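An overview of the molecular structure
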Amino acid sequence: MSLAPRVVLVHRRTELDELLARHGTRGQAEFFLRTRGRDLAEVTEADAAVRTALSTASAAIPLDWRRGEVERGDLSRFLFTPEDVVVVVGQDGLVANVAKYLDGQPVVGIAPGAPGVLVRHPAAAVADLVRATGNVEHRTMAEFTADDGQRLLALNEIYLGHAGHQTARYRLGVGGRPTERQASSGILVGTGTGATGWCGSVWQERRSPLRLPAPGEARLVWFVREAWPSPTTGTSHTEGELTSAPLTIEVESDRLVAFGDGLETDSVTLTRGQSARFVPAAKTVHLVR
C-alpha cells in the first residue's frame, strides 16, 4: 500500500516575530518602529495576513493526506520526500530559498497579500492546486560545483566572492578561452528567474548587450562585478552566457565563498588553489501554474 501524498507548508518568520524576538515586548517593538517613522499596526497587519494564509492553506489540505511544516531557517535540516507537495506561503524569495532542497517535488506558491511572480495563488486555491500538480512550469536552476565535491544550487543567482565583499582574486575561464587573472568584487551567475533580480540590476546598470534568459531556458548569464585592471589583472571577460560550456574559476585568494539566492548561512567555502565551475543545473523547479 502506497503512502498518501504529504503537503509540506513552508513559511518564514514574519517581521513582527523578528521584532518581538529582538525587543521582547510589543511596546518596545512599537517604540523602535516609531523612531524610524513606522507604525506597529502596519507590521501587525502583515503578520495577520501571513497567519491567515497559513491557516487557510492548512485547512485546505485533503483530510486523508499527510502534512508537515517547516520554517525557512530550518530548511537545511528538513527531509523532503519524493511524494511531497510543497506549499510555500510568503514572498517570491521563499520559493527560491526552498528550491535548492527539492528534487522534482511540485511547488505551489501562495501569496498572503498581492500575488508575486512565483507566489501567484490565493490560499483558498490550495485544495485544487495540490491535486493538479501535473500542470507545472519548469524553471532552470544554476549549479556550482567545487573540485572537492561541494555543490550549490540556486533558482535566482549564485554569488562567488570574498565573504566580506572585499577584493576577490581568481583566474576565470569560459568556453575554452584562455583563463584571465582578475581582481573584482565577485562574480554573479544568474538564471531566467533571477533575471529580474540582482543580475538584472547589473545588466541594466552596465547596459549589457546580453539577452537575459527566459525562466525555463537552459541558459545562464554571468557578470563580473567591478573588475579591476592592473599590470597583473585583466578585464577582458566580464560577462557572458552559459549553455553547454562551463564558467571555470581557479581561486587565488586565501578564502572565497559561494552562496545562492541570498542565503549566506548556507555557503560553500573555497581556499587558494581550489577550482570550481558554474553550469545550468540538470535539475529544475516544478512550479504549479
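Refer to the structure printed above.
These numbers come from a predicted model, not from an experiment. (Residues numbered from 1 in each chain as written. Predicted model: local features only at pLDDT ≥ 70, side-chain atom pairs only at ≥ 80, totals over all residues. Heavy atoms only, no water.)

1. Here we look at the overall build of the protein
Scanning the protein for helices and strands turns up six helices and 16 strands. In terms of overall size, the protein behaves like a compact globule, its C-alpha atoms giving a radius of gyration of 21 Å where 289 residues would be expected to give roughly 19 Å. C-alpha atoms of the protein, sized along the principal axes, occupy 65 × 55 × 35 Å. Looking at the protein as a whole, 48% of its 289 residues are labelled buried. A fraction of 66% describes how many contacts in the protein between residues 6 or more apart in sequence connect residues 24 or more apart. When the accessible surface of the protein is totalled, it reaches about 13900 Å², and 50% of it is carbon and sulfur. (Helix = DSSP H or I, 4+ residues; strand = E, 2+ residues; numbered from the N terminus. Rg over C-alpha atoms; globule rule 2.2 N^0.38 Å. Buried < 20%, exposed > 50% of the residue type's maximum accessible area, 1.4 Å probe, protein only. Contact = heavy atoms within 4.5 Å. Areas by Shrake-Rupley, 256 points an atom, 1.4 Å probe, with all protein chains shown as cover.)

2. Some points on the sheet that holds strand S7 (residues 157-161)
Across a sheet, paired strands are connected by hydrogen bonds in the backbone, their directions being either parallel or antiparallel. Here we have six strands laid out as an open sheet, ordered S12-S11-S10-S7-S14-S15, and antiparallel in their pairing. Every other strand in the sheet has two partners, leaving strand S12 (239-242) and strand S15 (267-271) as the edge strands with one partner each. Within the sheet, the average angular offset between the axes of one strand and its neighbour, ignoring direction, is 15°. As defined by bridge partners, S7 adjoins strand S10 (residues 187-190) across four bridges and the pair is classed as antiparallel. (Pairing = 2+ DSSP bridges. Axes fitted to C-alpha atoms, helices over the stretch in contact; angles between N-to-C directions.)

3. Examining the pairing of S7
In summary, the side chains of a regular strand alternate between the two faces of the sheet. In terms of burial, S7 is largely enclosed, as five of its five residues are buried. Burial along S7 is two-sided: Glu 157, Tyr 159 and Gly 161 facing one way and Ile 158 and Leu 160 facing the other are all buried. With four bridges joining them, S7 and strand S14 (residues 255-260) adopt antiparallel strand pairing. Looking across to S14, one finds that Ile 158 is bridged to Gly 260.

4. Brief notes about the environment of Glu 226
For Glu 226, the location among the structural elements is in the loop between strand S11 (220-224) and S12. The class of Glu 226 is exposed, set by a relative accessible area of 60%. With residues up to four places along the chain from it excluded, the contact list for Glu 226 reads Ala 183, Ser 184 and Ser 185. A polar contact of 2.3 Å, which involves the side chain of Glu 226, links it to the side chain of Ser 185. (Polar contact = N/O pair within 3.5 Å; in protein donor to acceptor, adjacent residues only side chain to side chain.)

5. Digging into the packing of helix H2 (residues 26-34) against helix H3 (residues 40-59)
Taken N-terminus to C-terminus, the directions of H2 and H3 make an angle of 120°; their axes are 9 Å apart at the nearest point. In this view, H2 runs oblique relative to H3, as classed from their interaxial angle. Seen from H2, the contacting residues are Arg 26, Glu 30 and Leu 33; seen from H3, they are Leu 40, Val 43 and Thr 44. (Parallel < 35°, antiparallel > 145°, perpendicular 65-115°, else oblique.)

6. What to know about the nonpolar core
Phe 144, Leu 247 and Phe 278 are the most contacted members of the largest nonpolar core, which has 26 residues in total. For this core, the element with the highest residue contribution is strand S8 (residues 168-174), accounting for four residues. By size, the runner-up hydrophobic cluster in this structure holds 23 residues, among which are Leu 75, Phe 80, Val 86 and Leu 118. (Core = buried A, V, L, I, M, F, W, Y, C linked by side-chain atoms within 4.5 Å.)

7. Let's talk about the side chain of Glu 157
Position of Glu 157 relative to the elements: it lies in strand S7. The buried charged residue Glu 157 lacks any salt bridge partner; its closest oppositely charged side chain belongs to Arg 72, at an N-O distance of 10 Å. Residues in contact with Glu 157, not counting those within four places in the same chain, are Leu 188, Val 189, Gly 190, Trp 198, Cys 199, Phe 259, Gly 260, Asp 261 and Gly 262. (Lys, Arg positive; Asp, Glu negative; His and termini not counted. Salt bridge = Lys/Arg side-chain N within 4 Å of Asp/Glu carboxyl O.)

8. A closer look at the packing of aromatic side chains
This model, assessed by the stated rule, comprises four aromatic pairs. Between Tyr 159 and Trp 198, the aromatic rings sit 5.6 Å apart at their centres with planes inclined by 20°, giving stacked as the arrangement. Here Tyr 159 is found in strand S7, whereas its partner Trp 198 is found in helix H6 (residues 198-205), with 39 residues between them in sequence. The buried category is assigned to Tyr 159, whose relative accessible area is 1%. Connected via pairs of aromatic rings, a cluster forms that spans Tyr 159, Trp 198 and Phe 259. (Phe/Tyr/Trp six-rings, centres within 6.5 Å; stacked < 30°, edge-to-face > 60°.)

9. Regarding unusual backbone geometry
Phi is positive for His 165, close to 60°, though the residue is something other than glycine. Tracing the backbone through its elements, the reader meets His 165 in the loop between S7 and S8. Among the residues examined, His 165 registers a relative accessible area of 42% and is labelled partly exposed. Even without a glycine there, the phi angle at Glu 226 is positive, about 55°.

10. With respect to the side chain of Ser 253
Mapped onto the secondary structure, Ser 253 falls in the loop between strand S13 (247-251) and S14. Within the structure, Ser 253 has its side chain in polar contact with the backbone nitrogen of Arg 169 (distance 2.8 Å).

From the geometry alone we can't say anything about function, so treat these as descriptive.
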